[in-house]
Structures are given as C-alpha cells and as structure tokens.
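Descriptive structure summary
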Amino acid sequence: MPGLSAPTPHVLRAPLLFDGGGSEPVRDAALWLENGRVAYAGPAAGLPAGADQAQVVDLPGCTLLPGLVDVHVHLVASGGPDLANDIPSSPAGRTVVAVANARRQLERGVTLVRDLGAPGDEAIVVGRAIEAGEVQGPRVIPAGPAVTMTGGHIPYLGRIADGADGVRQAVRANAALGARCIKVVATGGVLTRGIDPREAAYTQAELDALVDEAHRLGLRVAAHAIGEGGVLAALRAGVDSIEHGMFLDEKTIEAMVASGARYTPTFSAPNGILAGAAVPAWIKDRARPAAEAQVGSFRGAVEAGVKVVAGTDAGTPDNPHGGVAREVAFMVEAGFDPLLALRAATGEAADLLGVSDRGVLRPGAAADVLAVDGDAVADVSALARPAAVFQDGRRVV
Ligand SMILES: [Zn+2]
C-alpha cells in the first residue's frame, strides 16, 4: 500500500495448509510472508534458511488458507429484510455503509470481493480508498451500476439501458466511472415485484452487443440469470459468469460446459430470504421455487463439469457481509466435494476476477492469508472461525 512502510516478515506455522489451487493440503505446514508476498508455502521442514529472521506466529489447531474471495456482493446494502428499503437514499450514506461492510468482510477473512451492483460509483470509490490504505477492507473489483433494461430487475442498483447501442453506451459509461467488470441483468429477479424471476430480459442482440463492448474494453461480464432462457442467451453472448442460475436444464448445463463460463449459485441469497424472520411474505413466496430448484441445478452442473465459484449476493435480505463461509457450507451440504468448495472460494474465484496473484498461496502471490480454528478440509464450518487474517503481509485481524 502506498504511504505505508514495508510489512514485518512473518512465518506462520499450523498443522494444515490449503493453497487454494489444485495441490493436496500440506500437513505440519509453514508459510513465510515477506515484502507483502508469499516467499514460501509448504512443509515446515522445508522452510528456507532466510526465514529465520521473520517473526514467528504459531497457530496450533488451525488451517492456513488464502484469504477468501466472494465474487458477488453489494457493498451498499447490509442484509436488511427488504433490499430496496435497506439502501441509504444519499450517495454519502451509501458510501459510509459500503466502508462498514467492507470492514466486516475483512474481519471474516475475505480479502477480495467483486461488487455486482450499486446505484453509482460507491464501491469503486471505496475500493480505491482500500487500495490507498485509507480504509480497511478487501480488494474490490467493482461493476459500478448493473446494466438493466427499462422495466427490468434492480433499477435501484443499476443503469437502465435499451437496444444494442444503448447497452454499449452503458458499458462505456461504467468503464468511464471506473468499473473493472460489467454486470448485466439477463432475467427478472426475486427482489423486484411484478417481474417473473424466471423470465428472460434482454434480447440476444442486446446481450451480444453488451458482451462484445465489455470484452473489447477488457472487462469481464457477470450475468444475473435465474431462468433457463436468460441463462442460455447470456451464454451465447459469451458472458464470463452466470450468477444465481437456479433453473438449469440439460441444455443450459451443456451450454455452460461448452462456453467455460463460471457458475455462482449464490445459495446464501434465497436461503437468507427464507430464513429471515422479518423478510416480507411476497419476497419469500418468490424465493421459494428458486430455492427448491437450486440444489438439483447445482448438482447437475457439478456432475457435468461446470466450474463453480463462491458468491453470496451479500447485502440481500438476511445475507450480511462476510458470509462466504456459509456459502461454502451450503455447497458442501448440496453434495459438493469440500476441497472443490474451498477452491471455489479461493483460487477459482480469484481467477474469474482476473486477479491471478490472489486466492492462492504460492511463492510470489500476494500475502493474503486466513487462519481458521480447526481442520477446514475435514469440516468447512471451520471457515467461520477466523483466528488471524493477513492482507498484503500485514496482520489485520
Ligand atoms: Zn446480486
């Protein structure tokens, strides 16, 4: 971070290390952090000689992992019972809320998030302040306002645009605002009254133009897509991730495998709505069919070989920030292999975000580390018990 002195070198010792990639977990492990980077990750017995100058932190009973990644959050919202009423009406109010939610993410071991929709540049501004060391939080890959059609889902977190030229212009406007990815609303949604969540939104021509423009500008595209038609159209257009995807049939799953797009099931979103005591009945009624279809869709996609990433949709009803541990637990509950679920919240997720030096603990990677109390590979619920968090080599929790 600019303006800050170099972090103290650290050696972390723990009985278990998971590196966020495809390697087997390491027993009796050590991690050497120097100059904000990982200098060594592996068996404690193999620690290089230079590491003996570093400050040692013993973490008995803990698992060392990369800082967690949440690929779908809304920093301007805090998880109140009704999203539309939960977001402060002024830009200053939303920015303050985003700062607090970013801090909450970091306290729970999340060191990288993708913000998929805000009314304006709130998450962009907060992300820059975090990188400058002015406030504490995870690195942010912000989408700026979600691109949604007239009469579409979440206009209060988006920019309305119609027609091929209109959506191209919206992508350019977001890029000019400082967005580092693009969010498009390809179907209706649970939280917008009067629109069928399963119904497709944009036409194929509009989606094609949007993705073409985003990719031309070097921005990856996340598509909010709940029903099969919208998912398929978004995949045909070449989006990089499908968010939610509650209703997937064989044809859409095949298209997902063929396109290589990642799948963010966001179990935390409908599950939060259904568990939230104060969530209005109309929202619960709309979430129920989606929640019921979700486990089957997820299993079908996993069996077919779709690449899964962890995103919570934090900020939606009863879905507060910092809950990616809960999302991983939902995936495992749905039958996902625990190691793959851990990768979905670390290496795979960072890779989707185009941040290849985070989400993994390898020499040269950023020293973003989470130590959790317990064996996180045997029992992913350990992720909810952070014992220490390091960001760019500095202990922040
Ligand atoms: Zn969302």
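Our subject is the structure listed above.
These figures come from a predicted structure and were not determined experimentally.

Details of the packing of aromatic side chains
For the coordinates displayed, the defined rule picks out three aromatic pairs. An angle of 80 degrees between the planes, with centres 5.1 Å apart, marks the rings of Phe267 and Phe298 as edge-to-face. Within this pair, whereas Phe267 is found in the loop between strand 14 (262-264) and helix 8 (268-275), its partner Phe298 is found in helix 9 (residues 281-304), the two being separated by 31 residues in sequence. Across this residue pair, the class does not change: Phe267 and Phe298 are buried. Ring plane angle 80 degrees and centroid distance 5.4 Å describe the contact between Phe298 and Phe336, whose orientation is recorded as edge-to-face. Residue Phe298 is found in helix 9, and its partner Phe336 is found in the loop between helix 10 (324-333) and helix 11 (338-344); the two are separated by 38 residues along the sequence. Each member of the pair, Phe298 together with Phe336, is buried. Members of the aromatic cluster, joined through ring pairs, are Tyr263, Phe267, Phe298 and Phe336.

Quick notes on the layout of surface pockets
By volume, the largest pocket amounts to about 180 Å³. What lines the largest pocket is simply Val302, Gly305, Val306, Lys307, Val308, Phe336, Leu340, Arg343, Ala344 and Glu348. Per-element accounting of the lining of the largest pocket gives the leading share, three residues, to helix 11. Residues belonging to the lining of the largest pocket are distributed by class as follows: six nonpolar, one polar and three charged.

Regarding the side chain of Lys284
By secondary structure assignment, the location of Lys284 is in helix 9. Asp318 provides the closest opposite charge to the buried, unpaired Lys284, separated from it by 7.7 Å. In terms of polar contacts, Lys284 uses its side chain to reach the backbone carbonyl oxygen of Leu274, at 3.0 Å.

About the cut-offs
- What you see as residue numbers is a count from 1 along each chain, following the sequence as written.
- Where local features are concerned, this predicted model is filtered to residues with pLDDT of at least 70; where side-chain atom pairs are given and counted, the filter is 80 or more; whole-chain, interface and lining totals use all residues.
- By convention in this description, side-chain values take in all heavy atoms of the structure and omit both hydrogens and water.
- Whether two aromatic rings pair depends on their centres lying within 6.5 Å, for rings of Phe, Tyr and Trp, where Trp uses its six-membered ring; planes under 30 degrees apart make the pair stacked, over 60 edge-to-face, and the rest tilted.
- Only runs of H or I of at least four residues qualify as helices and only runs of E of at least two qualify as strands under DSSP, and these elements are numbered from the N terminus.
- Classification of residues uses two cut-offs on accessible area relative to the type maximum, computed with a 1.4 Å probe and protein chains only: under 20% is buried, over 50% is exposed, and between them is partly exposed.
- We place a 1 Å grid over just the protein atoms. Points where a 1.4 Å probe fits but has no way out form a cavity, open points with protein on both sides within 12 Å along at least 5 of 7 lines form a pocket, and any residue with an atom within 4 Å of a point lines it.
- Grid points are joined across faces, edges and corners, and a volume is the space filled by probe spheres set on the points.
- Residue polarity is assigned by list, with Asp, Glu, Lys and Arg as charged and Ala, Val, Leu, Ile, Met, Phe, Trp, Tyr, Cys and Pro as nonpolar; anything else, Gly included, falls into the polar class.
- Positive: Lys, Arg. Negative: Asp, Glu. His and the chain ends are not part of the count.
- A pairing counts as a salt bridge when a side-chain nitrogen of Lys or Arg comes within 4 Å of a carboxyl oxygen of Asp or Glu.
- Any pair of nitrogen or oxygen atoms within 3.5 Å is treated as a polar contact; in protein, a donor-acceptor pairing is required on top of that, and neighbouring residues in sequence qualify only through side-chain atoms on both sides.

Take it as geometry only, folks, not as evidence of what the structure does.
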